[in-house]
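Listed below, chain by chain, are the residues.
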Amino acid sequence: DDDESGNGSGCSRELKSFQYAIEPSVTSISTGGTGTTNGTSNDNDVNPETLLLESSKLANGLSGRSLRKLPFQSHAFFVKSYDDCELTEFLQSLSNGIRKEKESRKDLNDNL
């Protein structure tokens with residue numbers, strides 16, 4: 001299931017298969033939670049595609065089973081609301097979830 005070439009494209013495909021996939025019409029979302037920007041950029045704009053790419057690179061090496069669990073675990077552990085969240089908030093929580101999964105695996109391997 002994972003891409004063995006090391007470029008993270010298998011992870012990216014897996015992450016994009018969830019409902020949180022980025023629609024082509026969304027180019028960036030303001031960190032202030034105001035929705036999409038008008039195409040101008042400033043320091044407060046976060047590019048969701050960049051966050052997703054960073055997450056896919058970070059997740060390289062995880063199994064397909066782990067990847068399928070990550071969106072749900074990340075939301076449960078790192079999103080501070082039961083309601084819908086902003087895309088950038090979710091993608092940042094996804095990165096945190098990937099780090100948590102990798103840390104847990106490292107701790108498990110260290111204790112074996």
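Residues numbered from 1 in each chain as written. Predicted model: local features only at pLDDT ≥ 70, side-chain atom pairs only at ≥ 80, totals over all residues. Heavy atoms only, no water.

Turning to the overall build of the protein, a few remarks are in order. The secondary structure content of the protein amounts to 4 helices and 2 strands. Going from N to C terminus, the protein has its helices and strands arranged as α-β-β-α-α-α. Of all 112 residues assigned to the protein, the portion counted as buried reaches 35%. For the protein, the accessible area works out to roughly 7,300 Å², and carbon and sulfur atoms hold 47% of it. (Helix = DSSP H or I, 4+ residues; strand = E, 2+ residues; numbered from the N terminus. Buried < 20%, exposed > 50% of the residue type's maximum accessible area, 1.4 Å probe, protein only. Areas by Shrake-Rupley, 256 points an atom, 1.4 Å probe, with all protein chains shown as cover.)

Within the largest apolar cluster, 12 residues are counted, these being Val46, Leu51, Leu52, Ala59, Leu62, Leu67, Leu70, Leu87, Phe90, Leu91, Leu94 and Ile98. Those elements that provide at least two residues to this core are α2 (48–58), α3 (64–78) and α4 (87–110). Among the elements that line this core, the one with the most residues is α4, at 5 residues. Not counting residues within four places of it along the chain, the set of residues in contact with leucine 51 comprises Val46, Thr88, Leu91 and Gln92. (Core = buried A, V, L, I, M, F, W, Y, C linked by side-chain atoms within 4.5 Å. Contact = heavy atoms within 4.5 Å.)

So, about the packing of α3 against α4. Closest axis-to-axis distance for the α3/α4 pair is 8 Å, and the angle between their directions is 110 degrees. Taken together, the axes of α3 and α4 lie roughly perpendicular to each other. Considering only the axes of α3 and α4, their crossing is right-handed. Taken together, the residues of α4 that come into contact with α3 (itself represented by Ser66, Leu70, Pro71, Gln73, Ser74, His75, Phe77 and Phe78) are Phe90, Ser93, Leu94, Asn96, Gly97, Ile98, Lys100, Glu101 and Arg105. Residue classes in the contact of α3 with α4 are distributed as 7 nonpolar, 7 polar and 3 charged. (Axes fitted to C-alpha atoms, helices over the stretch in contact; angles between N-to-C directions. Parallel < 35°, antiparallel > 145°, perpendicular 65-115°, else oblique. Left-handed = near helix turned anticlockwise from the far one by under 90°. Nonpolar A, V, L, I, M, F, W, Y, C, P; charged D, E, K, R; others polar.)

So, about α3. Counted at 1.5 Å a residue, the expected span for α3 with its 15 residues is 21 Å, and the 21 Å between its end C-alpha atoms agrees. In the structure, α3 departs most strongly from a straight axis at leucine 70, where the bend amounts to approximately 40 degrees and where the proline proline 71 lies between one and four residues downstream. Buried residues of α3: Gly64, Ser66, Leu67, Leu70, Pro71 and Ser74, and no others. (Expected span 1.5 Å × (residues − 1). Bend = angle between axes of the 7 residues up to and from the residue.)

The subject of this paragraph is the packing of α2 against α4. At a minimum axis distance of 10 Å, the contact between α2 and α4 shows a crossing angle of 10 degrees. Taken together, α2 and α4 sit at an angle that is classed as roughly parallel. Here Pro48, Leu51, Leu52, Ser55 and Leu58 of α2 lie close against α4, whose contacting residues are Leu87, Thr88, Leu91, Gln92, Leu94, Ser95, Ile98, Arg99 and Lys102. Considered class by class, the residues forming the contact of α2 with α4 number 8 nonpolar, 4 polar and 2 charged.

Right, let's get into the pattern of salt bridges. For the structure shown, the criterion picks out 2 salt bridges. A salt bridge links arginine 105 to glutamate 101; the shortest N-O distance between them is 2.8 Å. Linking arginine 105 with glutamate 101, this pair stays in helix α4, spanning 4 residues, or about one helical turn. A salt bridge links aspartate 110 to lysine 106; the shortest N-O distance between them is 3.0 Å. Of the two residues, aspartate 110 and lysine 106 both sit in helix α4, 4 residues apart, roughly one turn of that helix. Residue classification places aspartate 110 among the exposed residues on the basis of a relative accessible area of 51%. (Salt bridge = Lys/Arg side-chain N within 4 Å of Asp/Glu carboxyl O.)

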